[in-house]
Amino acid sequence: MSRPPNRGPSRGGPARRGGPPRRNGPPRFIPPPRPPEPVDAGKQKEEAIELEGTIAAVLAGTMFRVKLRNSSGHEVLAHISGKMRKKFIRLVIGDAVKIEMSPYDMDKARIVYRIG
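Definitions and limits used
Residues numbered from 1 in each chain as written. Predicted model: local features only at pLDDT ≥ 70, side-chain atom pairs only at ≥ 80, totals over all residues. Heavy atoms only, no water. Helix = DSSP H or I, 4+ residues; strand = E, 2+ residues; numbered from the N terminus. Buried < 20%, exposed > 50% of the residue type's maximum accessible area, 1.4 Å probe, protein only. Areas by Shrake-Rupley, 256 points an atom, 1.4 Å probe, with all protein chains shown as cover. Pairing = 2+ DSSP bridges. Phe/Tyr/Trp six-rings, centres within 6.5 Å; stacked < 30°, edge-to-face > 60°. Lys NZ or Arg CZ within 6 Å of the ring centre and 35° of its normal. Core = buried A, V, L, I, M, F, W, Y, C linked by side-chain atoms within 4.5 Å. Contact = heavy atoms within 4.5 Å. Axes fitted to C-alpha atoms, helices over the stretch in contact; angles between N-to-C directions.

Student: Just checking my understanding: could you explain the overall build of the protein chain for this structure?
Tutor: Along the protein chain, the regular secondary structure elements total one helix and five strands. Taken from the N to the C terminus, the helices and strands of the protein chain come in the order β-β-β-α-β-β. Split into buried and exposed, the 116 residues of the protein chain put 16% on the buried side. As presented, the protein chain carries roughly 10,100 Å² of accessible surface, and 54% of it is formed by carbon and sulfur atoms.

Encoded structure:
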């Protein structure tokens, strides 16, 4: 007595999934394309604020104190962006940097570019 070849466990459900539409039945339902969503002024993503400053202190865990140029003595806590980490950009006290800040938290920033 011979056995049929082992084809693995049955997957269940209909034998046919996906592929071209069936020829002998009604065509499959294709939803109409979505209209573009309206852009509300209140729902737009807030843009990052770009500023320049100088490194005032190097802290643990790749964190830095950055003194902003355009204000009188305002300092923010900043971390290095991922691209700067990937390229092994080193920062020391006194380096001029470009930072991005969220409009929601003006005490934290991300260092995105070393100017000099």
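Now, onward.
Student: How do you make sense of the pairing of strand β3 (residues 75-80) when you look at a structure like this?
Tutor: For a regular strand, the rule is simple: side chains alternate between the two faces of the sheet. With burial as the criterion, only one face of β3 is covered, namely that bearing V76, A78 and I80; the residues E75, L77 and H79 on the opposite face remain uncovered. Two strands pair when backbone bridges link them, and strand β2 (residues 63-68) and β3 are joined in this way by five bridges, in the antiparallel orientation. Looking at the pairing, K67 lines up with E75 of β3. The turn linking β2 back onto β3 is made up of six residues, and G73 within it adopts a positive phi angle of 75°. As paired strands, β3 and strand β5 (residues 105-114) are joined by four bridges and run parallel to one another. Each bridged residue has a counterpart across the sheet, and for A78 the counterpart in β5 is A109.

Student: Help me understand the packing of aromatic side chains in this model?
Tutor: In this description, a pair of aromatic rings is defined by centroid distance and the angle of the planes. Per the stated rule, a full pass over the model turns up zero aromatic pairs. Here K98 stacks its cationic end above the ring of Y113, 5.6 Å away from the centre of that ring.

Student: Which parts of the structure should I look at to understand the nonpolar core?
Tutor: The tendency in soluble globular proteins is for nonpolar side chains to be buried side by side. Among the nonpolar cores identified, the biggest contains 15 residues, and V66, L91, I99 and I111 are the most heavily contacted of them. Excluding anything up to four places from it in sequence, V66 contacts G53, T54, I55, A56, H74, E75, V76, A78, V97, I99 and I111.

Student: Before we go on, may I ask you to explain unusual backbone geometry in this structure?
Tutor: Both trends apply: most residues other than glycine have a negative phi, and most peptide bonds are in trans. Phi is positive for T62, which is not a glycine, with a value near 55°. Its location among the elements puts T62 in the loop between β1 (49-59) and β2. Judged by relative accessible area, which is 34%, T62 ranks as partly exposed. Backbone geometry places F88, a non-glycine residue, at a positive phi of 55°. Inspection of the secondary structure assignment puts F88 in the loop between α1 (82-86) and β4 (96-102).

Student: For this particular structure, what's the right way to read the sheet that holds β4?
Tutor: Strand pairs in the sheet, formed through backbone hydrogen bonds, run parallel or antiparallel to each other. Read around the closed barrel, five strands run β1-β2-β3-β5-β4, paired in mixed fashion. Mean inter-strand twist for the sheet, computed between neighbouring axes without regard to direction, equals 50°.

Student: How should the side chain of D95 be read in this particular structure?
Tutor: In this structure, D95 sits in the loop between α1 and β4. The buried category is assigned to D95, whose relative accessible area is 10%.

Student: What is the right way to read the pairing of β2 from this model?
Tutor: By the alternation rule, side chains of β2 split into F64, V66 and L68, which are all buried, and M63, R65 and K67, of which none is buried. Relative to β2, β1 runs antiparallel, the two sharing six bridges. Across the sheet, residue T54 finds its bridge partner in β2, namely K67.

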